[in-house]
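These are the residues of each chain, in order.
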Amino acid sequence: MKKFFFKEMYLLSHKEKRARHLSLSKGLNIIKGKNDYGKSAVIKCFYSILGATVDYATFPWHADGLQGIIVFELNGKDYYFLNAYGRCALFSAQKELMKTFRGTQENLANFFKDNIGCNILLETRDTNLEPASPSALFSPFYVDQDIGWVMPWKSFTGLSYFKNWKNDIIDSYTGVRPSSYVETKHKFLSLQNNLKDLQKQSKSLNTTITQIKESFSDIHSEITVMNFRQDLKQLRDEFEKLSLLQNNVKKQIAEIGNQKIELEIQLKAAQVAQKEVDDDYHFALKHDDIIECTMCGAKYENGISDVFKLACFEDHCTHIISQCLQELDDCNVKLQSLQEQDSSITKSLEKIQITLDEQKGKFKLKDIILDLGRKKISEVIDSQADNVRKKLHETSSLFMEAQRIYQGENDLRASRSQRIREEYFKYMSSFLPELGVLTVSHKSYKSIYSNIGTGGSIRPRVLLAYYFSLINLICQFAGTSNVIFPFIIDSPKQQDMDEDNWVKELDFIIKHQPEDTQMIVGLVDEGNFALHNV
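Residues numbered from 1 in each chain as written. Predicted model: local features only at pLDDT ≥ 70, side-chain atom pairs only at ≥ 80, totals over all residues. Heavy atoms only, no water.

Draft legend 1. Up close: the overall build of the protein chain. Scanning the protein chain for helices and strands turns up eleven helices and 15 strands. Across the protein chain, every contact between residues at least 6 apart in sequence was considered, and the portion connecting residues at least 24 apart equals 69%. Just so you have it, the protein chain exposes about 29,900 Å², and 51% of that area is on carbon and sulfur atoms. (Helix = DSSP H or I, 4+ residues; strand = E, 2+ residues; numbered from the N terminus. Contact = heavy atoms within 4.5 Å. Areas by Shrake-Rupley, 256 points an atom, 1.4 Å probe, with all protein chains shown as cover.)

Draft legend 2. Expanded view of the packing of aromatic side chains. The final tally for this structure, using the stated rule, is 28 aromatic pairs. Each ring, one from Tyr424 and one from Tyr466, has its centre 6.2 Å from the other, and the planes form 85°; the classification is edge-to-face. Remark: Tyr466 occurs in helix α10 (residues 459–477) and Tyr424 occurs in helix α9 (residues 365–434); sequence separation between them is 42 residues. For the pair formed by Tyr424 and Tyr466, the shared burial category is buried. Stacked on the ring of Phe5, the Lys or Arg Lys26 has its end atom at 4.6 Å from the ring centre. (Phe/Tyr/Trp six-rings, centres within 6.5 Å; stacked < 30°, edge-to-face > 60°. Buried < 20%, exposed > 50% of the residue type's maximum accessible area, 1.4 Å probe, protein only. Lys NZ or Arg CZ within 6 Å of the ring centre and 35° of its normal.)

Draft legend 3. Expanded view of the nonpolar core. Ranked by size, the top nonpolar core spans 92 residues in total, and within it Phe6, Phe46, Tyr47, Phe468 and Phe485 carry the most contacts. Considering every element that reaches this core, the biggest residue donor is α10, with 13 residues. Among residues more than four places away in sequence, those in contact with Phe468 are Phe431, Phe487, Ile489, Phe508, Ile509, His512, Gln513 and Met519. Residues Ile253, Ala270, Leu328 and Leu338 belong to the second largest nonpolar core, which totals 16 residues. (Core = buried A, V, L, I, M, F, W, Y, C linked by side-chain atoms within 4.5 Å.)

Draft legend 4. Summary view of unusual backbone geometry. Unusually for a residue other than glycine, Trp153 sits at a positive phi of about 65°. Among the secondary structure elements, Trp153 is positioned in the loop between β10 (142–143) and α5 (165–174). Taking relative accessible area as the criterion, Trp153 reaches 8% and is therefore assigned buried. Unlike most non-glycine residues, Ser491 shows phi in positive territory, near 55°. The residue Ser491 is located in the loop between β14 (487–490) and α11 (499–511) in this model.

Draft legend 5. Quick peek at the pairing of β14. The alternating pattern of β14 places Phe487 and Ile489 on one face and Ile488 and Asp490 on the opposite face, and all of these are buried. Judged from the two bridges that link them, β10 and β14 form a sheet pairing that is parallel. The partner of Val143 across the bridge, within β14, is Ile489. Relative to strand β15 (residues 518–523), β14 runs parallel, the two being bridged by four bridges. Note that in β15 the partner of Asp490 across the bridge is Gly522. A crossover connection joins β14 to the parallel β15 through α11; in handedness this β-α-β unit is right-handed. (Pairing = 2+ DSSP bridges. Right-handed = clockwise from strand over helix to strand, strands pointing away.)

Draft legend 6. Quick look at the packing of α5 against α10. Two elements in contact, α5 and α10, have axes whose closest approach is 7 Å; the angle formed by their N-to-C orientations is 45°. On the basis of the axis angle, α5 is oblique to α10. Within the contact between the two elements, α5 uses Ile170, Tyr173 and Thr174 and α10 uses Tyr466, Leu470, Leu473, Ile474 and Phe477. Of the residues belonging to the contact of α5 with α10, the class tally is seven nonpolar, one polar and no charged. (Axes fitted to C-alpha atoms, helices over the stretch in contact; angles between N-to-C directions. Parallel < 35°, antiparallel > 145°, perpendicular 65-115°, else oblique. Nonpolar A, V, L, I, M, F, W, Y, C, P; charged D, E, K, R; others polar.)

Draft legend 7. Expanded view of α5. Buried residues dominate α5, accounting for nine of its ten residues. Those residues of α5 that fall on the buried side of the exposure criterion are Trp165, Lys166, Asp168, Ile169, Ile170, Asp171, Ser172, Tyr173 and Thr174. Phi turns positive one or two residues past the end of α5, at Gly175, with a value near 80°.

As structure tokens, this is what we get:
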């Protein structure tokens with residue numbers, strides 16, 4: 001697994017004309033300060049600068065246009081991450097620019113996937129697969145000072161875009177599902193839906209073919225190629241030739257019509273511009289070297305160069321008008337010629353009808369077209385049915401293979417999930433007594449995906465046990481493709497906790513921090529705990 005460490009943070013607020021710099025070490029870091037001194041606002045900045053969406057109602061610095069730089073270590077190398085003015089940039093340890101992009105959630109998600117190596121994909125509400133957003137990636141590693149001690153998984157906002165994201169994040173970080181699982185599942189479900197659609201199309205086309213053949217079965221047309229022999233062949237050739245020619249002519253008429261509309265728009269714009277410039281030109285000639293604005297009283301120079309520029313621009317408008325008028329005349333000439341050609345082709349087609357009537361009085365051109373149309377309809381529908389059947393066969397083969405792979409990964413996931421659930425339960429059963437929580441029912445925390453069904457003064461301690469169970473599971477089972485981020489706990493002392501329980505919490509936090517990880521804890525005080533020994 002890859003490990004991510006904060007080394008430094010630089011904050012700058014132009015509105016408040018203040019800046020702050022923090023240096024951090026690996027292991028445990030304590031940020032201590034009284035209430036309302038901005039401790040939590042600073043703590044929120046760590047992941048906010050990296051793109052997570054925190055509760056801005058309690059984070060006024062963000063609205064003030066806060067800018068920040070995070071210096072972090074990943075795989076033994078240092079980097080600088082800048083977030084300012086809606087843009088983000090990544091620099092090397094030597095401060096060489098490596099990447100820059102707009103700070104949208106989509107761009108940030110792709111940045112952590114491509115540059116940091118966070119290979120977690122989540123399903124959106126419209127069933128697409130997208131890289132996890134920063135808020136989703138950091139959600140197991142941050143406990144907000146307020147909502148984090150009331151409801152787990154609520155420390156960041158803007159996560160409703162993803163479907164079932166909490167379970168997928170837990171499964172991804174704990175290794176319940178490999179990085180390929182979500183893509184395999186998505187492919188399987190997509191092929192399943194495609195297969196159902198193709199089966200519906202095939203059934204519908206088969207019904208349509210049957211109905212068409214039944215409706216054509218009582219039509220005994222005597223019009224065949226043999227009836228008309230050479231005349232029918234000539235008729236087809238001439239008709240197709242004239243139809244193609246007429247279609248081309250109509251296409252040219254439409255193109256010239258569009259061209260006329262564009263030219264008329266340009267002409268109108270140029271005439272309006274010329275009128276405005278002409279008014280400005282004559283206004284300038286009638287006034288002295290200094291013109292006073294009637295609105296604000298400001299004075300402006302009215303030099304000969306300005307007047308000359310107006311005259312030049314008016315001349316340019318005149319040239320454009322002249323050019324547009326000339327091109328409109330050309331379009332009208334071409335349009336008239338094409339319309340005459342279209343009329344001539346129509347007359348030729350009418351002559352074919354008359355000739356056919358004379359030769360075969362009982363047959364009409366419409367009868368021939370109707371007969372050919374029936375045949376064409378049958379050919380088109382048969383062709384579509386063949387294509388659907390072919391796609392149905394190909395999709396069925398792909399679906400069977402995807403189903404086999406998906407089932408295999410599901411079996412592996414179920415086996416691994418059982419082991420992780422057992423480890424999670426062991427952690428919770430061990431951690432709760434250490435925190436002085438002895439009356440909580442196992443049902444309230446039996447699932448790793450649960451929202452912790454308990455209340456009262458013990459809830460913050462139960463949540464602390466849950467968070468540490470989860471972070472220890474992640475460090476124990478995370479695969480090589482996962483990134484372990486710093487664990488940030490803001491204000492664990494909640495609900496006027498008594499001194500004994502507060503000391504137990506601090507001792508617990510220090511004792512159960514996973515090895516070779518970074519933890520940042522925001523405190524108001526450490527009570528009687530010997531924090532200087534940490």
